[in-house]
Amino acid sequence: MRDVDERPNRFLYALIALGFFLYFFAAALPLRKELSLHPSWAVSASRDADTGTASNPQKTLSFQLGGRVGSVTLDGKLAWSRGSAFDAAVSDAQIIPYARQSSRLEAFGPTGTPLFRIQAEGWPFFRSGRLFLVSPEMDRVSEYSPEGTLLWSYDFPFKLTDFDASGSLAVAGMLDGGIECVDSQGRTVLSFSPGGSRIEVVLGVALDPREEAIAAVCGADRQRFVLLVKKGGAFKVQYHKYLESDYREPVTVRFTRDGRYVLYRQSEGIAVYDRETGRESTIPVRAQGFELAADAPRGLEYLFARTTRTNSVICFDPPARVIFSYTLPGGAFWSRFLDGSLFLGSGDELGRIDISEE
Amino acid sequence: MGLTVWRLFGILLALALPTSGLGALEWPVSGGVPSVPFGSFHGGRFYPSMTTGPEGAQVRAASAGEISFLFDGDKLPSGLPCPLGGFLALSHPDGMISVYGRMERGSLPHYLRAVSAGDVLGRAGTSGFHAGRETVFTLYDRIKRQYLNPQVLLPPIRDDRAPIVRGVYLSSGGRFLPLGETRTVRQGTYEVIADILDPLSSADMRSRAPYSIRLLIDGKEVVRYVYDAARAESGRFRFFGSSRLDFESFFLEDGRLRLGSFLLARGRTTFVLIVSDYAGNDRETSGVLQVE
C-alpha cells in the first residue's frame with residue numbers, strides 16, 4: 001500500500017525538478033543589462049559658425065534644426081551653421097538650403113564648402129544618401145549624382161503622396177492609389193494599384209532597405225496595410241490587413257534596417273508587423289511622423305516620433321518592448337543615432353547622449 | 001466644311017468627357033481666370049494642371065465628392081518636401097479625382113469628409129513652391145490614369161480674342177526659317193515650329209495654351225493636337241488624348257511648339273495653321289513656299 005502511494009510523489013518531484021532545470025538552465029534567457037544614458041555635451045546652434053575645424057566630413061553630422069542648417073563634430077564643436085532661407089535638404093555629405101521659389105540650388109559640403117549648383121525647379125531631398133528633386137506639381141522626381149549631374153527624371157502618373165528610396169530602387173505612392181517603383185536608371189520596376197477599398201489612395205509607402213519588400217498603407221473605406229515581397233524578380237502581395245483607421249492624411253510607414261519589421265502609424269500607437277512571424281504588436285506612442293535608427297550591436301531600435309506638441313525618442317526591443325522613452329518639447333527637432341550615441345536637437349540646442357550597458 | 005466638322009468633334013468631346021464621370025463642374029474660384037492653363041509650357045515642362053486666380057480667393061469644390069487626402073504644410077511627415085503646398089484631393093463618383101493645391105495654411109477643412117459642389121474647401125494662399133496666392137486645380141481620371149483639361153469641363157469664360165500666332169518656322173540644321181519671309185527652300189525634311197499664345201483680351205498678353213492646333217500641308221491635315229488629356233507612361237509625360245506625343249519632343253526650350261517633321265517635295269507647298277481657343281475663336285495663318 002505504501003509503495004503504491006509513493007509512486008506519484010516521485011513522479012511529481014521529478015517533474016518539478018525538470019521544470020526548475022528547464023526554467024533556470026536549459027531555456028533561460030539572459031537578463032538584458034540596463035541601459036544607462038550619459039549626457040555628453042550640448043551646444044547652441046543659433047549662432048553662425050564657419051570654423052573650418054572639421055575638414056574631414058566623416059567626423060561631422062549634418063543637421064537641420066528649425067531655420068538653421070550646418071554640421072557638428074562628434075565632440076560637440078559647431079563646424080558650420082547658417083540660416084536657411086526657407087528649408088533645406090541635409091545629408092552627412094551635402095547640405096542644400098533652398099528658397100520657396102527657386103530655379104537654382106546650391107549644394108554645400110558639411111563645413112560649408114560650395115560643391116555644385118543645380119538649375120531646376122523643385123525642392124530637393126535625400127533618401128538613403130541619394131539626392132532627389134521633386135517637381136512643383138509633385139508628379140516628377142529627378143535624381144542627381146553626388147556631383148550634381150542629372151541622372152534621370154521620372155514622370156509619375158499622378159501626384160505623389162509619399163516617396164522612399166534605398167540603394168538602387170525608389171518607390172512612390174500616389175493620390176490615385178497607385179504605387180510605382182523605379183530603378184537607379186529611372187526605369188519602371190513596378191506599377192501596381194493595391195485596390196480593395198472604396199476610395200483609392202496611397203497614404204504612405206516604404207521600401208525595405210534590402211530592397212526585398214514594399215509596404216504601404218492605402219485606401220479609405222476600408223483602409224489597408226499591404227506588404228509586397230520580391231519573388232522571382234517581381235514584387236507580389238504577400239500579406240494584407242484591413243485596418244480600423246480611416247486616415248485621409250499622410251501615414252508614415254518605415255522598415256527597420258534589417259527589413260524584418262514594418263512600422264506604421266495607427267490611432268492606438270505605432271503598429272509593428274513582424275515579417276518572420278506574421279504577428280503584429282503596437283508601440284503605444286502617438287506620432288504624426290517618425291524615423292527609425294538601428295542599434296544593431298544591442299539588437300535595439302530607436303524611434304524618433306513627432307507630433308505637433310512633443311517630440312519623442314523611444315528605444316525599443318523589437319517587436320515592441322519599450323526600453324526607455326524620452327520626451328522633448330514640440331517644434332524644431334533633429335535626431336541621429338551613431339555608434340552607441342544619441343545626437344538630438346531641440347529648440348536651438350544640439351546635444352549628445354552616450355548610451356552604455358551596465 | 002472641315003472646320004465645321006472639327007468644331008462638332010470638339011463639342012462632342014466636351015460633352016462626352018462629363019458623361020464619363022464628373023458631370024458639370026463649377027469653377028473652384030468665383031471669377032476664376034486661368035493664369036496658367038492646362039498644357040502650358042510652365043517651369044520648363046508640360047503643365048497638367050490649371051493655375052487660377054483671383055489671389056487669396058475662397059476655393060470651392062468643383063463637384064460633389066469625398067476628401068481622400070488632405071495635407072496642410074510644406075513637408076510631409078515622412079520628410080518628403082511638398083512643393084504643392086497645402087492641398088486636398090476629392091474623390092468623385094466613377095473614378096474622377098480633383099485636386100486643389102497651394103492652399104493657405106490652416107484654411108483646409110480637416111473636419112470634412114463628404115462635400116457638395118460649391119462647398120468651401122479653403123483659401124488660395126502662400127504655400128508650396130510658388131510665392132503667388134493662386135490655387136492649382138487638377139483634374140484626373142483614375143480609371144484611364146490620365147489628366148483631364150479642366151477647361152473642357154468648366155463653364156466657359158469670356159474670351160473675345162482669337163489665339164495669336166507669333167510665328168511659324170521651318171527648322172533644319174539648326175536654322176529657323178520664318179514662314180512668310182521665306183519664299184524658297186531646298187527639297188528635304190523640315191521641322192515645323194510654331195510660336196502661339198492665346199490671350200483672353202487685348203490687355204492680356206500672357207502666354208496661354210490654346211485648345212487645339214491643326215496643321216494642313218497642301219490641304220491635307222498632318223497635325224491635330226487637342227489639349228484634352230495627358231498621361232504619364234513609363235516615366236514620360238505623353239499628351240494629348242488623340243496624339244500621344246512625348247512632351248519632351250513637343251516643346252523647345254523657349255516654349256515654342258514642335259509640330260512635327262515633314263518631307264517637302266519639289267513644287268509649290270501651302271501651309272495652313274489653324275489654332276482654336278475654348279470659346280471657339282480661331283486663328284488661321286497660311287503661307288506658300290517654293291520647294292526646289
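Residues numbered from 1 in each chain as written. Chains lettered and ligands numbered in written order. Predicted model: local features only at pLDDT ≥ 70, side-chain atom pairs only at ≥ 80, totals over all residues. Heavy atoms only, no water.

Engineer: Which residues make up the nonpolar core, and what values do they have?
Structural biologist: Side chains of a nonpolar character, in soluble globular proteins, are inclined to be buried together. If you look at the biggest cluster of nonpolar residues, it comprises 100 residues, and the most contacted ones within it are Phe163(A), Leu170(B), Leu259(B) and Leu273(B). Here this core spans two domains, and each of domain 1 (3-153) and domain 2 (164-291) of chain B adds at least three residues to it. Not counting residues within four places of it along the chain, the set of residues in contact with Leu170(B) comprises Arg175(B), Phe176(B), Leu177(B), Leu179(B), Val185(B), Tyr190(B), Glu191(B), Val192(B), Leu264(B), Phe271(B) and Leu289(B). Grouped together as the second largest cluster of nonpolar side chains are 26 residues, Leu25(B), Tyr100(B), Leu112(B) and Leu148(B) included. (Core = buried A, V, L, I, M, F, W, Y, C linked by side-chain atoms within 4.5 Å. Buried < 20%, exposed > 50% of the residue type's maximum accessible area, 1.4 Å probe, protein only. Domains from an automatic or database assignment. Contact = heavy atoms within 4.5 Å.)

Engineer: With reference to specific residues and values, describe the interface of chain B and chain A.
Structural biologist: Listed per partner, the contact involves 48 residues of chain B and 54 residues of chain A. Buried area between chain B and chain A, both sides added, is near 4300 Å², and the carbon and sulfur share of it is 55%. Linking chain B to chain A there are ten salt bridges. Where chain B meets chain A, there are 21 residue pairs in polar contact (both at pLDDT 80 or more). It is strand β6 (residues 65-71) of chain B that provides the largest number of residues to the side of chain B that touches chain A, a total of six residues. Of the residues in the side of chain B that touches chain A, the class split is 25 nonpolar, 13 polar and ten charged. (Buried area = accessible area lost by both parts, 1.4 Å probe. Salt bridge = Lys/Arg side-chain N within 4 Å of Asp/Glu carboxyl O. Polar contact = N/O pair within 3.5 Å; in protein donor to acceptor, adjacent residues only side chain to side chain. Helix = DSSP H or I, 4+ residues; strand = E, 2+ residues; numbered from the N terminus. Nonpolar A, V, L, I, M, F, W, Y, C, P; charged D, E, K, R; others polar.)

Engineer: Describe the packing of aromatic side chains, naming the residues involved and giving the relevant values.
Structural biologist: Within the structure shown, the criterion is met by 30 aromatic pairs over all chains. Where Phe158(A) meets Tyr147(B), the ring centres are 5.5 Å apart and the plane angle is 70 degrees; that geometry is what we call edge-to-face. Of this pair, Phe158(A) sits in the loop between β13 (150-155) and β14 (160-165) while Tyr147(B) is found in strand β12 (residues 146-148), placing the two residues in two different chains. With relative accessibility at 0%, the residue Tyr147(B) sits in the buried group. The rings of Phe158(A), Phe38(B), Phe46(B), Tyr140(B), Tyr147(B) and Phe237(B) are connected pair by pair, giving a single aromatic cluster. The ring centre of Tyr169(B) lies 5.1 Å from the NZ or CZ of Arg256(B), which sits over that ring. The ring centre of Phe176(B) lies 4.7 Å from the NZ or CZ of Arg256(B), which sits over that ring. (Phe/Tyr/Trp six-rings, centres within 6.5 Å; stacked < 30°, edge-to-face > 60°. Lys NZ or Arg CZ within 6 Å of the ring centre and 35° of its normal.)

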